[in-house]
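So the chains spell out like this:
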Amino acid sequence: MTKRISMVLCLFVVACGGADSEPAAEPITYENMSFEQREAFMAEVVMPQMKEVFVAFDPKYEAFSCATCHGKGATDGTYALPNADILPLPATEEAFFAKLEQDPEFARWSQFMLDKVYPQMAEMLQVPMFDPMKQPDGFSCSNCHTHE
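Since the structure is predicted, the reported quantities are computational estimates derived from the model, not experimental observations.

**A look at the packing of aromatic side chains**
And step 1. The final tally for this structure, using the stated rule, is 13 aromatic pairs.
And step 2. With a centroid separation of 5.5 Å and an interplanar angle of 85 degrees, the aromatic rings of W109 and F112 are classed as edge-to-face. Of the two residues, W109 and F112 both sit in helix α6 (residues 104-125), three residues apart, roughly one turn of that helix.
And step 3. Of the residues examined, F112 reaches a relative accessible area of 6% and is grouped as buried.
And step 4. Note on Y118 and F139: the rings are 6.2 Å apart at their centroids and 20 degrees apart in plane angle, and the pair reads as stacked. Of this pair, Y118 sits in helix α6 while F139 sits in the segment after α6, and the two are 21 residues apart along the sequence.

**A few points about the environment of C69**
And step 1. Examined against the element boundaries, C69 turns out to sit in helix α3 (residues 66-70).
And step 2. With a relative accessible area of 26%, C69 lands in the partly exposed category.
And step 3. A sequence separation of 17 residues divides C69 from I86, and the C-alpha atoms of the two residues are 6.9 Å apart.
And step 4. Leaving out residues up to four positions away in the same chain, C69 has contacts with F64, L81, N83 and I86.

**As for the side chain of H70**
And step 1. Inspection of the secondary structure assignment puts H70 in helix α3.
And step 2. The exposure class of H70 is buried, given its relative accessible area of 13%.
And step 3. With near-sequence residues (within four places) excluded, H70 lies in contact with Y79, A80, L81 and N83.

**A short note on the pattern of salt bridges**
And step 1. Counted by the stated rule, this structure contains four salt bridges.
And step 2. D58 serves as the salt-bridge partner of R108, at 4.0 Å between the closest nitrogen and oxygen. Here R108, found in helix α6, pairs with D58, found in the loop between α2 (35-57) and α3; they are 50 residues apart in sequence, far enough to count as distant.
And step 3. Among the ionic pairs, K72 bridges to D85, the shortest N-O distance being 3.3 Å. Of this pair, K72 sits in helix α4 (residues 72-76) while D85 sits in the loop between α4 and α5 (93-102); the two residues are 13 residues apart in sequence, bridging distant segments of the chain.

**Brief notes about the environment of D85**
And step 1. The class for D85 is partly exposed, based on a relative accessible area of 40%.
And step 2. Here the alpha-carbon distance between D85 and H70, two residues 15 residues apart in the chain, equals 7.7 Å.
And step 3. Ignoring any residue separated from it by four or fewer positions in sequence, one finds D85 in contact with G71 and K72.
And step 4. There is a polar contact of 2.8 Å between the side chain of D85 and the backbone nitrogen of K72.

**A short note on the packing of α2 against α6**
And step 1. Interhelical geometry of α2 versus α6 gives an angle of 160 degrees and a closest axis separation of 11 Å. On the basis of the axis angle, α2 is roughly antiparallel to α6. As α2 runs across α6, the sense of the crossing is right-handed. Only R108, W109, F112, M113, K116, V117, Q120, M121, M124 and L125 of α6 make contact with α2, whose side of the interface consists of F41, M42, V45, V46, Q49, M50, V53, F54 and F57.
And step 2. For the contact of α2 with α6, the per-class residue count stands at 15 nonpolar, two polar and two charged.

So, how was this worked out
- Residues numbered from 1 in each chain as written.
- Predicted model: local features only at pLDDT ≥ 70, side-chain atom pairs only at ≥ 80, totals over all residues.
- Heavy atoms only, no water.
- Phe/Tyr/Trp six-rings, centres within 6.5 Å; stacked < 30°, edge-to-face > 60°.
- Helix = DSSP H or I, 4+ residues; strand = E, 2+ residues; numbered from the N terminus.
- Buried < 20%, exposed > 50% of the residue type's maximum accessible area, 1.4 Å probe, protein only.
- Contact = heavy atoms within 4.5 Å.
- Salt bridge = Lys/Arg side-chain N within 4 Å of Asp/Glu carboxyl O.
- Polar contact = N/O pair within 3.5 Å; in protein donor to acceptor, adjacent residues only side chain to side chain.
- Axes fitted to C-alpha atoms, helices over the stretch in contact; angles between N-to-C directions.
- Parallel < 35°, antiparallel > 145°, perpendicular 65-115°, else oblique.
- Left-handed = near helix turned anticlockwise from the far one by under 90°.
- Nonpolar A, V, L, I, M, F, W, Y, C, P; charged D, E, K, R; others polar.

This is the structure in structure tokens:
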């Protein structure tokens, strides 16, 4: 009986990794990733999720790629953001709200970005969303878009 208990205990220790096993690695935040890790994260996590979101909004995004957000930066390997190759946003709040009222397509895209892209990107990148009172340096439209 003692032999069986000892054997079960040994199997349990081996199965659990024993005292010499390495602790599970802590998940690394996007901010702390190397360029190579970021590139892999974008390809494996961000691209598939954002493609799904964009295609659901407009099927023309079936060809969604790195260039959709990074423009020429996807070609030259810099992936720099904000990106002047995507729609520049109005420079002031007043101009932004005026454009919302005047341009239904701009309003439709703004709502999509606000409801879907903005919060999902902030979550995937593990960064707080912009809040003028609590997180003035949080993730916002200006992380990707330039201004007129």
